[in-house]
Amino acid sequence: MTPTQAFNQEQRARWNGIDGEYWVNHQDSLDRTLAPVTGPLLAFAAPRAGSTVIDVGCGCGVTTIELARAVGPSGRVVAVDVSAPMLALAKERLRAFANTTCLFGDAAELPLRDLGAELIVSRFGVMFFGDPVAAFANLRTGLAPGGRLRFACWRPIGENPWLQIPLHAVYEHVPRLPKPDPEEPGPFSFSDTARVTRILTAAGFTAPSFTPLDVQMDIAAGGTLEDAVSQASAMGPTKRALADQPEDIRAAAIESIRRALTPHVSPDGVKFPGAIWLVAADSQS
Ligand SMILES: C[S@@+](CC[C@H](N)C(=O)[O-])C[C@H]1O[C@@H](n2cnc3c(N)ncnc32)[C@H](O)[C@@H]1O
């Protein structure tokens, strides 16, 4: 198996298994934590009334709903995701929106040619492709000539203490995860602007622009310190670092997360800066 095939297989398994289940079961709180990103992404993407938009890696559909409202009844939003459980929840939530369609499958493989979309949008759904050039090249086939691509992805982990602080707390008790291969899919795999530029131009898009977006994210999602501890310990790398640890080590690591988050508790929640790139590129044809 090539590294690309292995990455793809692992990602499909994660989003149809442990990660997908977590997102489905905690969608309300994840939506609340990520809400500060949605408005700025929508303003940046500027969906046009009456147009067709593709929402890539739509997950449980919260951005699809906003896009459906923006394009209106004469427009259409096609929600694409490789996670069966997440897309099932998206379908349920989108029942009231007749201008939406859900497509289950890999962004690199789904037939999109007939869509003639004006815009592709994604909130954190494009960093997990095993072969990102193939995925973006395939997505581009869904665009009409001159169509636009607008997405949000994380800047480096060092600028994202909402994840770095709990992860370092866990490292007081468990071995560090190996440094990810720069080509490996993952939440921070699009933090390097040179890499994203290389991928998008190879896939037939214009050289992208990167606009920094800085938000405050409540990782308690309106709840308590315990809610923040629970969300922080379930996030990608932190969850992986904790996986398969004996119960006493896990408990000690969770206690370290609790200690690290405590100084950030405020009447508004447990807030941390989130550092994001808003990326814009257009189809070259
Ligand atoms: C971090 S979640 C973001 C979900 C959603 N956009 C949101 O903001 O709530 C990443 C999403 O990308 C999807 N995804 C990962 N690899 C994919 C692929 N190759 N094709 C389509 N979707 C994919 C996952 O299933 C998941 O729903």
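Residues numbered from 1 in each chain as written. Predicted model: local features only at pLDDT ≥ 70, side-chain atom pairs only at ≥ 80, totals over all residues.

We now examine the overall build of the protein. Along the protein, the regular secondary structure elements total eleven helices and eight strands. Since a compact globule built from 285 residues should have a radius of gyration of about 19 Å, the 19 Å found for the protein is in line with a globular shape. Counting all 285 residues of the protein, 42% fall into the buried class. Contacts in the protein between residues at least 24 apart in sequence constitute 80% of all its contacts with a sequence separation of at least 6. (Helix = DSSP H or I, 4+ residues; strand = E, 2+ residues; numbered from the N terminus. Rg over C-alpha atoms; globule rule 2.2 N^0.38 Å. Buried ≥ 20, exposed ≤ 12 C-beta atoms within 10 Å, placed from the backbone. Contact = placed C-beta atoms within 7 Å.)

Our next topic: the site of the ligand. Around the ligand there are 22 residues in total, and W15, G57, G59, S83 and A107 lie nearest to it. For the shell around the ligand, the secondary-structure elements that each account for two or more residues are α1 (3-16), α4 (62-71) and β2 (76-81). Residue composition of the shell around the ligand, by class: 13 nonpolar, six polar and three charged. (Near = placed C-beta within 6 Å. Nonpolar A, V, L, I, M, F, W, Y, C, P; charged D, E, K, R; others polar.)

This paragraph deals with the packing of helix α9 (residues 225-233) against helix α11 (residues 247-261). Orientation of α9 relative to α11, taken along the N-to-C sense of each, is 125 degrees, at an axis distance of 10 Å. When the axis of α9 is compared with that of α11, the two are oblique. The handedness of the crossing between α9 and α11 is right-handed. Across the interface between the two elements, L225, A228, V229, A232 and S233 from α9 touch I254, I257, R258 and L261 from α11. Looking at the contact of α9 with α11 residue by residue, the class counts come to seven nonpolar, one polar and one charged. (Axes fitted to C-alpha atoms, helices over the stretch in contact; angles between N-to-C directions. Parallel < 35°, antiparallel > 145°, perpendicular 65-115°, else oblique. Left-handed = near helix turned anticlockwise from the far one by under 90°.)

Pairing between β2 and strand β3 (residues 100-104): five bridges, direction parallel. Counterpart to V78 in the pairing with β3 is T101. With helix α5 (residues 84-93) bridging β2 and the parallel β3, this β-α-β connection has right-handed handedness. (Pairing = 2+ DSSP bridges. Right-handed = clockwise from strand over helix to strand, strands pointing away.)

For α1, built from 14 residues, the straight-helix expectation of 20 Å at 1.5 Å per residue is met to within 8% by its first-to-last C-alpha distance of 20 Å. Those residues of α1 that fall on the buried side of the exposure criterion are F7, N8, Q11 and W15. For α1, the arc enclosing every buried residue in end-on projection is 100 degrees, short of the 170-degree limit, so these residues lie on one face. Across α1 from its buried face, at more than 90 degrees, point the exposed residues Q5, A6, Q9 and A13. Where α1 is buried, its residues contact α2 (18-25) and α5. (Expected span 1.5 Å × (residues − 1). Arc of directions from axis to C-beta.)

Let's shift gears to the pairing of strand β4 (residues 117-123). Here β4 lies mainly inside the structure; six of its seven residues are buried. Bridge count for β4 against strand β5 (residues 143-154) is six bridges, and the pairing is parallel. Residue pairing in the sheet places R123 in a bridge with A152 of β5. Each parallel crossover has a hand, and for β4 linked through helix α6 (residues 132-140) to β5 it is right-handed.

Here the focus is the environment of L242. Mapped onto the fold, L242 is located in helix α10 (residues 236-242). For L242, a count of 20 C-beta atoms within 10 Å gives the class buried. Each C-alpha atom of the pair L242 and T197 lies 33 Å from the other, and the pair is 45 residues apart in sequence. For L242, the contacting residues outside a window of four places in its chain are V170, V174, S233, R250 and A253.

With that out of the way, let us pick up the nonpolar core. Membership of the largest hydrophobic core comes to 54 residues, with the highest contact counts inside it found for V53, I54, V56, V80, I120, L139 and C153. Among the nonpolar cores identified, the runner-up in size contains 18 residues, and A169, M217, A221 and V229 belong to it. (Core = buried A, V, L, I, M, F, W, Y, C linked by C-beta atoms within 7 Å.)

Notably, F124 is not glycine yet its phi reads approximately 60 degrees, a positive angle. Locating F124 in the fold gives a position in the loop between β4 and α6. Using a count of 19 C-beta atoms within 10 Å as the deciding quantity, one classes F124 as partly exposed. With a phi angle near 50 degrees, A221 is a residue other than glycine that sits in the positive phi range. Summarising the element assignment, A221 is placed in the loop between β6 (209-218) and α9.

Their axes nearest at 8 Å, the elements α2 and α5 cross at an angle of 25 degrees. Judged by the inter-axis angle, α2 sits roughly parallel to α5. Residue-level contacts link G20, E21, W23 and V24 of α2 to P85, M86 and L89 of α5. Across the contact of α2 with α5, the residue classes break down as five nonpolar, one polar and one charged.

As a further point, take α4. For α4, the tally of buried residues reaches seven of ten residues, placing the bulk of the element in the interior. The complete set of buried residues in α4 reads V62, T63, T64, I65, L67, A68 and V71. On the buried face of α4, the contacting elements are α3 (27-45), β1 (52-56), β2, α5, β3 and β4.

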